[in-house]
Structures are given as C-alpha cells and as structure tokens.
Amino acid sequence: MPKLSHVRNGESWEFTGAGLLFDCDGVLVDSVAAAAPAWAAWASRHAPSFDFLRDAPHGMRPSEVVAGLVGPEAAIDATAELIALEIEAAVHTSEIPGAARLVAALPRDAWAVVTSSNRAVAMARLRSSDIARPQVLVAAEDVLRGKPEPDPYLLGAHRLARAPEDCVVFEDSVPGIRAARAAGVGVVIGVGAGSADGDPDLIVADLRSVRWRAGVLVVDAAAALG
C-alpha cells in the first residue's frame with residue numbers, strides 16, 4: 001500500500017499536494033526507435049556482440065553500460081560518441097500516451113524528470129515528443145551514483161523542495177523502482193506491464209489513466225494492470 005496519504009474514491013486513487021517525479025524513457029517518452037539505431041551504430045565500432053534490444057540493462061546510466069563494454073579508460077570518449085548518436089536519433093522518439101497532456105496540466109514547481117539518460121539526450125527526446133520542458137531535470141551527470149541507488153530521486157525531491165515521502169514516482173524499470181524505494185518516496189507507480197517485476201504500489205498501462213485535478217493526482221485503478 002502507498003505510504004503517502006491518499007483517498008480511495010470509487011475506482012480511483014487520489015493523492016493531494018504531492019510532488020511528482022517522472023522517469024523519462026518508458027514513462028514520458030518511447031525512445032526505443034531512437035536508442036536502438038544509435039546503440040547499433042555505436043556497437044558496430046566498439047562492441048560488435050552487443051545488441052541493444054537484447055542486452056541493454058534498463059534503468060542504468062549509459063556511461064556505466066559503456067564502461068562495462070569498453071573498459072573505464074576508453075569509456076569517456078566512447079560515451080561522448082554514443083551521446084552524440086542518441087541526440088541525432090532523438091527525432092524518432094514518440095510520446096508515451098497521455099504524457100504530454102498530463103505534464104501540461106501540472107504546476108511547473110510540482111514535477112520533475114529524474115532520468116538515467118544524459119541531460120542533452122533527455123531534452124532532445126522530450127522536445128521530439130512535444131512534452132513540456134521540466135523546470136527541474138535530474139540527469140545522469142548530476143549524481144555520483146545512478147539508479148538503483150537512491151541519489152537521483154533524493155536530488156529530485158530536494159530540487160522540488162519536497163521531502164521524499166511527500167513525492168510520487170513514475171517508473172518503468174526495476175532499477176528505477178528500487179531507487180525510488182531506497183529514497184523513501186511516498187508512492188511508486190509503475191508504468192507498463194514490465195514494471196510489475198519491481199513491485200510498485202500501482203501499475204498503469206500508460207499515463208492516459210493519470211490526471212491532475214486542482215492539486216490532486218488522480219490514478220484510475222480501473223485502468224491499472226495490478
């Protein structure tokens with residue numbers, strides 16, 4: 001059950017006055033069509049046996065994945081090359097259904113994006129998906145330890161001037177859900193059926209079942225997967 005104070009209203013869960021922390025890829029944007037060709041082009045030079053769709057560990061920072069493939073000495077230059085390819089391919093990013101509508105309805109000081117992607121990549125993907133630019137964005141380069149460590153979500157809550165327990169996190173990956181749990185957030189909402197492995201408090205198929213109404217976050221339980 002969510003730790004954050006909530007009301008069950010018929011088939012909906014209602015959370016009042018919460019800070020909202022969104023992962024980016026898989027929550028706000030569908031970046032698979034952008035990331036796969038970028039990683040394929042990168043891997044053809046640096047790690048020919050690596051297949052993004054088969055091997056990519058979801059929720060981890062690209063720099064950590066790259067370091068594991070090419071070694072720490074080559075990781076800085078190899079990561080920079082990957083980032084450039086991902087920015088170029090960002091035009092193939094699309095919105096997760098309901099994401100643009102939801103964040104457009106939110107007060108700018110009520111929400112943040114907390115992503116394992118680098119800042120330039122995340123911003124390019126948000127722009128390509130026509131999703132409003134967040135006032136607060138915590139990216140890979142902003143923390144010493146990425147997900148599943150709590151640092152990204154602790155920093156996101158801090159930058160919203162909220163206690164972690166007063167925040168709702170939207171995540172699609174197991175490392176992201178673990179990071180949110182470790183940070184002590186009030187409720188974790190999984191996005192997509194794959195999030196079930198992280199045991200979130202609620203699961204929604206996408207953000208069409210989530211809305212903001214006069215300071216209240218409403219999540220339709222009827223649209224939940226679990």
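Here the structure is a predicted model, which means the values were calculated and not measured.

Undergrad: Mind showing me how you'd approach the packing of helix α1 (residues 32–46) against helix α4 (residues 72–89) here?
TA: Packed helices, taken two at a time, are described by their axes: the angle between them and the distance between them. Closest axis-to-axis distance for the α1/α4 pair is 8 Å, and the angle between their directions is 145 degrees. Handedness of the α1/α4 crossing: right-handed. Each of Ala34, Ala35, Ala38, Trp39, Ala41, Trp42, Arg45 and His46 in α1 lies in contact with α4, whose residues at this interface are Ala78, Glu81, Leu82, Leu85, Glu86 and Ala89. When its residues are assigned to classes, the contact of α1 with α4 shows 10 nonpolar, 1 polar and 3 charged.

Undergrad: Quick question: what am I supposed to make of empty space enclosed by the protein here?
TA: Empty pockets left among the atoms are what a rolling probe the size of a water molecule brings to light. Considering all chains together, one arrives at 1 cavity of 30 Å³ or more under this definition. There is about 30 Å³ of room inside the largest cavity. As for the largest cavity, its lining consists of Arg61, Thr115, Ser116, Val138, Ala139, Ala140, Val143, Gly146, Lys147 and Pro152. Residue classes in the lining of the largest cavity are distributed as 5 nonpolar, 3 polar and 2 charged.

Conventions and cut-offs
- Residues numbered from 1 in each chain as written.
- Predicted model: local features only at pLDDT ≥ 70, side-chain atom pairs only at ≥ 80, totals over all residues.
- Heavy atoms only, no water.
- Axes fitted to C-alpha atoms, helices over the stretch in contact; angles between N-to-C directions.
- Helix = DSSP H or I, 4+ residues; strand = E, 2+ residues; numbered from the N terminus.
- Left-handed = near helix turned anticlockwise from the far one by under 90°.
- Contact = heavy atoms within 4.5 Å.
- Nonpolar A, V, L, I, M, F, W, Y, C, P; charged D, E, K, R; others polar.
- 1 Å grid on protein atoms, 1.4 Å probe; cavity = no way out; pocket = protein on both sides within 12 Å on 5 of 7 lines; lining within 4 Å.
- Points joined across faces, edges and corners; volume = space filled by probe spheres on them.

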